[in-house]
Amino acid sequence: MADFGKILQSVGEFGLFQKVLLLALCVPNIILPFHFASVVFVQTDPQRHCNTNWILGADPNLTTEEQLNLTLPREEDGSFSRCLMFVPVDWDIEAIRTYGLNKTTVCDNGWVYKNTLYEATIVTDFDLVCGRSNLVQVAQTVLMAGVLFGSLLFGPFAESFGRKRAIQIPGVLIFMFTAVTGLSHDFNLYLVSQFLVGIGYGGFRMNAIIMATEWIGVSKRSWGACVSQIFFAIGLCLMAGVIYFVRDWRLAQLIASAPLGVMAIYIWYTPESARWLLDRGRVKEAREVLKKAAAINKGIVPESILQKVVVETETKKKGGTLTIFKSPVLTKYLFAIILAWFSLNLTYYCLSFNVGNLGLDIFLTQLIFGATELPAHLLCIWLLEALGRRVCLITTLLAGGLACLLIIAVGQEKAIFVTLFATLGRIFSNMAGSICSVYVQELVPTSLRQSASGLGNIASRAGGLLSPVVNMLAVYHWFVPIAVYSSFMFVSGLLGLLLPETRRRELPDSIANLGIQQNGLTIHQMDLSTFSQLKSTRL
């Protein structure tokens, strides 16, 4: 499809059709951050004591202080134990007072929580404290595993069944299991529903960006990824506000499910990618959707251009995912992008999941995170066109790694500076994510674009999956996780030097458009006629 760019020029590179489609695909990103609310807005070590209401059977008139004195052991500092209680006995109250209790056990009947920041969290609802406190990280990991699996599943799915279906099915999954999550009264059911939400999340975000990008012309292509991130940043701010006023993770989930239900309906009316339809040889359907797009944009697709594309589409050979690794040039490019995507997501989620430990109020910090990402992504749109993809990717990765290292330099005690540098680290890693989303599509031909984007998303979600594990390295020292993910940012930033510049170049539609390797010579972004002339000259 060497002339698809000409078709888009006739249809309109960024007309009303593309703007409405982009808006429809990006609006759900306002709600998607809410899926992280239950694993971010938690108190991992709330004030508590064992539930010892068993003693009220012996004397229902006991005061709270008397009850605790008789049933709970004390720590060395004189406070009541938060994880142990005395073994219940079948004595009368006078015997208990006279002889006392001295044999301890774990809190078999749950806990009583007090002075909590929230009305309800997964920690208090599922008693994820004491010996179960590590299950908070398990919940984070399960959600990110779902996101990873969604990228793995819906990448190849979109190649075979289309971008449209790969958006619609995840959209329905997100809606259904967001509601199920909020209604879960068992931790195992909560984990299953979060995993399924993650699958939908991973599939939707990846394919929505692909769909938008394949419909937008060269001059505005970066909008597909960056606008999606802008709406996500709005969602981060909104999430902080909702949780501040609601303080109940279940209600927050149910609030999020309502607009997702609307999305699950209208998403079925989105058009299929014309690039994908032509790539699959579905010429009649491609012709119809292009005519509709042109009519909305008040443009006309010349029949001569469309016919030329059809002939080329019908005669070209298809390739599979393994074709990526048969090309040394493509393999090199994809390796650099994949490592960058892994590194930036590892950094982003390590900082996100640690938002409650940065020293400032968690709601304020979350609001700062979201509010600062808005101008950052607007700036990213301009920088991508002004400076190019390569410079922007290298700069954001190195700057993000440096910002994280500065957290170590200032120390834990200076909460304002820690929050400042953590915010900068998130901003730069998020900007790098937008650049990777644009970059991978401009480096890979149409027949392999979804597979390559899927591989990149798998790598990025693997970074998110490992982020709770990396954060757990803080048991050795608080700066160990920071040293790990900032190092990845530096290495991936340097590997960005291997990438070519793709600014203002048409999307490649075949390996031939991308680069040809002949007698040890690699020709990047060179058309076939130029290559033929060069080959004749060499011979």
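Draft legend 1. View of the overall build of the chain. A count of helices and strands for the chain gives 23 helices and 6 strands. When the 539 residues of the chain are sorted by exposure, 56% land in the buried category. Surface summary for the chain: the accessible area is close to 22,300 Å², and the carbon and sulfur share equals 63%.

Draft legend 2. The packing of helix α8 (residues 163-183) against helix α11 (residues 249-266), seen in detail. Where α8 meets α11, the closest approach of the two axes is 8 Å, and the angle between their N-to-C directions is 160 degrees. Classified by the angle between their axes, α8 and α11 sit roughly antiparallel to one another. The crossing of α8 and α11 is left-handed. On α11, the residues that touch Gly-171, Val-172, Ile-174, Phe-175, Thr-178, Ala-179, Thr-181, Gly-182 and Leu-183 of α8 are Trp-249, Arg-250, Gln-253, Leu-254, Ala-256, Ser-257, Leu-260, Gly-261, Met-263 and Ala-264. Residues that form the contact of α8 with α11 fall into these classes: 11 nonpolar, 7 polar and 1 charged.

Draft legend 3. Region of interest: the packing of aromatic side chains. According to the stated counting rule, one finds 22 aromatic pairs in the structure shown. Taking 5.8 Å as the distance between ring centres and 35 degrees as the angle between the ring planes, the aromatic pair formed by Tyr-349 and Phe-353 counts as tilted. Residue Tyr-349 and its partner Phe-353 are located together in helix α16 (residues 328-353), separated by 4 residues, close to a single helical turn. Here Tyr-349 matches Phe-353 in class, with each residue buried.

Draft legend 4. Molecular detail of helix α13 (residues 283-296). Spanning 14 residues, α13 covers 20 Å between terminal C-alpha atoms, matching the ideal 20 Å at 1.5 Å per step. Every buried residue of α13 is listed here: Val-283, Ala-286, Arg-287, Val-289, Leu-290, Ala-293 and Ala-294. Just beyond α13, the residue with positive phi is Lys-298, at close to 60 degrees.

Draft legend 5. Spatial organisation of the environment of Ala-295. When you line up the elements, Ala-295 lands in helix α13. A relative accessible area of 55% means that Ala-295 is categorised as exposed. Here the alpha-carbon distance between Ala-295 and Val-11, two residues 284 residues apart in the chain, equals 8.0 Å.

Draft legend 6. Expanded view of the state of the cysteines. One pass over the structure, following the stated rule, counts 2 disulfides. The partner cysteine of Cys-50 in its disulfide is Cys-107, sulfur to sulfur 1.6 Å. Its S-S torsion of approximately -40 degrees makes the covalent link between Cys-50 and Cys-107 left-handed. Remark: Cys-107 occurs in the loop between β3 (104-106) and β4 (111-113) and Cys-50 occurs in strand β1 (residues 48-50); sequence separation between them is 57 residues. Of the two residues, Cys-50 and Cys-107, neither departs from the other in class, the shared state being buried. Residue Cys-83 pairs covalently with Cys-130 via a disulfide, S to S 2.0 Å. As the torsion about the S-S bond is roughly -90 degrees, the Cys-83-Cys-130 disulfide counts as left-handed. Within this pair, whereas Cys-83 is found in the loop between α4 (64-71) and β2 (84-86), its partner Cys-130 is found in the loop between α6 (122-126) and α7 (135-161), the two being separated by 47 residues in sequence.

Draft legend 7. Quick peek at the side chain of Thr-347. Following the sequence through the fold, Thr-347 ends up in helix α16. Note on Thr-347: relative accessible area 0%, which makes it buried. Among the polar contacts made by the side chain of Thr-347, one reaches the main-chain carbonyl oxygen of Ser-343 at a distance of 3.0 Å. Excluding residues that lie within four positions of it along the chain, Thr-347 makes contacts with Cys-404, Ser-429, Tyr-485 and Met-489.

Draft legend 8. Geometry of the confidence of the model for the chain. Looking at the chain as a whole, the pLDDT averages 84, with 89% of positions reaching at least 70. Note on residues 311-318: pLDDT under 50 across the span, and 14 contacts to partners over four residues away in sequence or across chains. Note that pLDDT drops below 50 for residues 515-539; the model gives that stretch 33 contacts with residues more than four away or on any other chain.

Draft legend 9. Representation of unusual backbone geometry. Notably, Asp-127 is not glycine yet its phi reads approximately 55 degrees, a positive angle. As for its placement among the helices and strands, Asp-127 is situated in the loop between α6 and α7. With a phi close to 55 degrees, Cys-130 is a non-glycine residue in the positive phi region.

Draft legend 10. View of the packing of helix α2 (residues 16-26) against helix α10 (residues 223-246). Look at α2 against α10: their axes get within 9 Å of each other, and the N-to-C directions meet at 40 degrees. Looking at the two axes, α2 sits oblique to α10. Note that α2 runs across α10; the crossing there is right-handed. Only Trp-223, Gly-224, Val-227, Ser-228 and Phe-231 of α10 make contact with α2, whose side of the interface consists of Leu-22, Leu-23 and Cys-26. Residue composition of the contact of α2 with α10, grouped by class: 6 nonpolar, 2 polar and no charged.

Draft legend 11. Molecular detail of the nonpolar core. With 137 residues, the main nonpolar core has Phe-41, Ile-122, Tyr-190, Trp-215 and Leu-393 as its most contacted residues. Setting aside residues no more than four positions away along its own chain, Ile-122 makes contact with Ser-38, Val-39, Val-42, Asp-127, Leu-128, Ala-139, Tyr-190 and Trp-249. Grouped together as the second largest cluster of nonpolar side chains are 7 residues, Ile-55, Leu-62, Phe-86 and Ile-93 included.

Draft legend 12. How the structure looks around the side chain of Ser-273. Assignment of secondary structure puts Ser-273 in the loop between α11 and α12 (274-279). Overall, the relative accessible area of 0% leaves Ser-273 in the buried class. Side chain to side chain, Ser-273 and Glu-214 meet in a polar contact 2.6 Å long. Non-local contacts of Ser-273, meaning those with residues more than four positions away in its chain, are made with Arg-163, Met-211, Glu-214 and Trp-215.

Draft legend 13. A look at the pattern of salt bridges. Enumeration over the complete set of coordinates arrives at 11 salt bridges. Two residues, Asp-45 and Arg-48, come together in a salt bridge whose shortest N-O distance is 2.8 Å. Arg-48 gets classed as buried once you look at its relative accessible area, which sits at 6%. Residues Arg-389 and Glu-385 are paired through a salt bridge, measuring 3.3 Å at the closest nitrogen-oxygen approach. Glu-385 shares its class with Arg-389; the two are buried. Within this structure, Asp-45, Arg-48 and Arg-82 form a network of salt bridges that share partners.

Conventions adopted
Once a new chain begins, its residue numbering starts again from 1 and follows that chain's sequence as written. Predicted model: local features are reported for residues with pLDDT of at least 70 only, side-chain atom pairs are reported and counted for 80 or more only, and whole-chain, interface and lining totals are derived from all residues. Only heavy atoms go into the side-chain values, all of them from the structure, while hydrogens and water stay out. Strands are runs of DSSP state E lasting at least 2 residues, helices are runs of H or I lasting at least 4, and numbering of each runs from the N terminus. Under the scheme applied here, a residue whose accessible area is under 20% of the maximum for its type counts as buried, over 50% as exposed, and between as partly exposed, the area being computed with a 1.4 Å probe on protein chains only. The protein chains shown are the only cover counted for residues, whose accessible areas, like all others here, come from Shrake-Rupley with a 1.4 Å probe. The axes used here are C-alpha line fits, helices contributing only the stretch in contact, and every angle between their N-to-C directions lies in the interval 0 to 180 degrees. When describing relative orientation, an angle under 35 degrees is termed roughly parallel and one over 145 degrees roughly antiparallel, while 65 to 115 degrees is termed roughly perpendicular and anything else oblique. By definition, any crossing whose near helix is turned counterclockwise from its far helix by less than a right angle is left-handed, and any crossing with a clockwise turn is right-handed. In what follows, a contact means two residues having at least one pair of non-hydrogen atoms within 4.5 Å. All residues other than Ala, Val, Leu, Ile, Met, Phe, Trp, Tyr, Cys, Pro, Asp, Glu, Lys and Arg, Gly among them, are scored as polar; the first ten of these are nonpolar and the last four charged. The pairing test for Phe, Tyr and Trp rings, Trp by its six-membered ring, is centres within 6.5 Å, and the orientation test on the planes gives stacked under 30 degrees, edge-to-face over 60, and tilted for anything in between. Helix span, expected: 1.5 Å multiplied by one less than the number of residues in the helix. What counts as a disulfide here is a pair of cysteine sulfur atoms lying within 2.5 Å. Pairs of N or O atoms within 3.5 Å make up the polar contacts considered here, provided that, within protein, one atom can donate a hydrogen while the other can accept it, and that residues adjacent in sequence are counted only when both atoms are side-chain atoms. On a range of 0 to 100, pLDDT expresses the predictor's confidence in each residue. By convention a nonpolar core is built from buried Ala, Val, Leu, Ile, Met, Phe, Trp, Tyr and Cys residues, the set being connected through side-chain atoms within 4.5 Å. Just to be clear on terms, a salt bridge is a Lys or Arg side-chain nitrogen sitting within 4 Å of an Asp or Glu carboxyl oxygen.

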